[in-house]
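These are the residues of each chain, in order.
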Amino acid sequence: MEFIDEKLAAYAENHTSPESELLAELNRETWAKVMMPRMLSGHIQGRLLSMFSKMIQPKAILEIGTYTGYSALCMAEGLAEGGMLYTIDINEELEDMVRRYIKEAGYEENIQFHIGNALEIIPSLPNHFDMVFIDADKENYANYYDLVFDKLRPGAYIIADNVLWSGKIIDEKELAKDKETRALDAFNKKVQEDPRVENILIPVRDGLMVARKK
Ligand code: SAH
Ligand code: CA
């Protein structure tokens, strides 16, 4: 489901800085070779993540759900001097492609790619993040939120993707039958009710929940 009119979406794209040639190539290669290419953030969301990162100027970013690395490369654009982006994916088949693009983008010193289950890897990571992007299995969003919370500096941001779940999030039938929809709804409510953060649900693309630790 598209949330906004096709022509308006095209207009917005045409008035957004283009993606780099390398990101365009990663986008094309993902669509040509990888399963479920719709999961890739893409032009508009990629530029938004890059812009957020440049606003935050994070020293440390955590990404949960690398996929082919598109969103990681976008967020890395805003890292502070000497900063590090840690990104985790459970799918080892993605490894060669992700490492190739990290190298090509010149981020070998700034992106640490971990393969494995994020629930197991997060506790072994450093303790101070300025920005976290949650974009892996939807049923664990609330668990990821709890796992990272104490690792966030005051003023740090958590951004969670797909929180409107193609509109299913307000569909009673989907909520009744689909575990992922229910998990995302529970996550959105958890953030909304958490007095430790201020938050905004931005209805861009598939919905981004942005929460700032007070
Ligand atoms: N952030 C990417 C898209 C991520 S797609 C982008 O915007 O371009 C979601 C990814 O989460 C998939 O690659 C999947 O393998 C990964 N994933 C699912 N469950 C996971 C888990 N438990 N731990 C780590 N990664 C997981
Ligand atoms: Ca996503």
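Presented here is an overview of the structure given in this document. (Residues numbered from 1 in each chain as written. Chains lettered and ligands numbered in written order. Predicted model: local features only at pLDDT ≥ 70, side-chain atom pairs only at ≥ 80, totals over all residues. Heavy atoms only, no water.)

## Concerning unusual backbone geometry
A negative phi angle characterises most non-glycine residues, just as the trans form characterises most peptide bonds.
At step 1: Unlike most non-glycine residues, Trp165 shows phi in positive territory, near 45 degrees.
At step 2: Assignment of secondary structure puts Trp165 in the loop between strand S5 (152–161) and helix H8 (172–177).
At step 3: Residue Trp165 is classed as buried on the basis of its relative accessible area, which comes to 15%. (Helix = DSSP H or I, 4+ residues; strand = E, 2+ residues; numbered from the N terminus. Buried < 20%, exposed > 50% of the residue type's maximum accessible area, 1.4 Å probe, protein only.)

## A short note on the environment of Asn199
At step 1: With respect to the element layout, Asn199 can be found in strand S6 (residues 197–202).
At step 2: Not counting residues within four places of it along the chain, the set of residues in contact with Asn199 comprises Val191, Gln192, Met209, Val210 and Ala211.
At step 3: A distance of 3.0 Å separates a polar atom in the side chain of Asn199 from a polar atom in the side chain of Gln192. (Contact = heavy atoms within 4.5 Å. Polar contact = N/O pair within 3.5 Å; in protein donor to acceptor, adjacent residues only side chain to side chain.)

## What about the site of ligand 1?
At step 1: The full set close to ligand 1 counts 21 residues, and Ser41, Gly65, Ser71, Asp89 and Asp135 are the nearest of them.
At step 2: Between Ser71 and ligand 1, the recorded distance is 2.8 Å, taken from a side-chain N or O atom to a nitrogen atom.
At step 3: The separation between a nitrogen atom of ligand 1 and a polar side-chain atom of Asp137 is 3.2 Å.
At step 4: For ligand 1, whose accessible area on its own is 590 Å², the fraction buried by protein is 90%. (Near = heavy atom within 4 Å. Areas by Shrake-Rupley, 256 points an atom, 1.4 Å probe, with all protein chains shown as cover.)

## Some words on the coordination of the calcium ion (ligand 2)
Geometry sets the ideal angles at a metal, namely 109.5 degrees for four tetrahedral donors and 90 or 180 degrees for six octahedral donors.
At step 1: Those donors, Asp135 (OD), Asp135 (OD), Asp161 (OD) and Asn162 (OD1), are the protein atoms that reach the calcium ion (ligand 2), and they lie 2.3 to 2.8 Å from it.
At step 2: The sequence motif formed by the donor residues of the calcium ion (ligand 2) is D-x25-D-N. Taken together, the positions of Asp135 in the loop between strand S4 (129–134) and helix H7 (141–149) and Asp161 in strand S5 put the pair 26 residues apart, joining distant regions of the chain.
At step 3: For Asp135, a relative accessible area of 15% puts it in the buried group. (Donors = N, O, S within 2.8 Å, 3.2 Å for Na, K, Ca; no water.)

## Let's talk about the packing of helix H2 (residues 21–33) against helix H5 (residues 95–104)
At step 1: Viewed as axis vectors pointing N to C, H2 and H5 meet at an angle of 170 degrees, and their least axial separation amounts to 11 Å. The angle between H2 and H5 falls in the class roughly antiparallel. Across from Leu22, Glu25, Leu26, Glu29 and Thr30 in H2, the residues of H5 making contact are Met97, Arg100, Tyr101 and Glu104.
At step 2: Residues of the contact of H2 with H5, tallied by class, amount to four nonpolar, one polar and four charged. (Axes fitted to C-alpha atoms, helices over the stretch in contact; angles between N-to-C directions. Parallel < 35°, antiparallel > 145°, perpendicular 65-115°, else oblique. Nonpolar A, V, L, I, M, F, W, Y, C, P; charged D, E, K, R; others polar.)

## Description of the sheet that holds strand S2 (residues 84–89)
Sheet strands pair via backbone hydrogen bonds, and the direction of the pair is either parallel or antiparallel.
At step 1: The sheet built from seven strands is open, its strands ordered S3-S2-S1-S4-S5-S7-S6 with mixed pairing. Each edge of the open sheet carries a strand with a single partner, namely strand S3 (111–115) and S6. Across this sheet, the average inter-strand angle for adjacent strands is 15 degrees, counted without regard to direction.
At step 2: Here six bridges tie S6 to strand S7 (residues 208–213), and the two strands are oriented antiparallel to one another. Looking across to S7, one finds that Glu198 is bridged to Arg212.
At step 3: Strands strand S1 (60–64), S4, S5, S6 and S7 of the sheet are contacted by helix H3 (residues 42–56), whose axis makes an angle of about 165 degrees with S4. (Pairing = 2+ DSSP bridges.)

## Thoughts on the side chain of Thr30
At step 1: Mapped onto the fold, Thr30 is located in helix H2.
At step 2: What makes Thr30 buried here is its relative accessible area of 0%.

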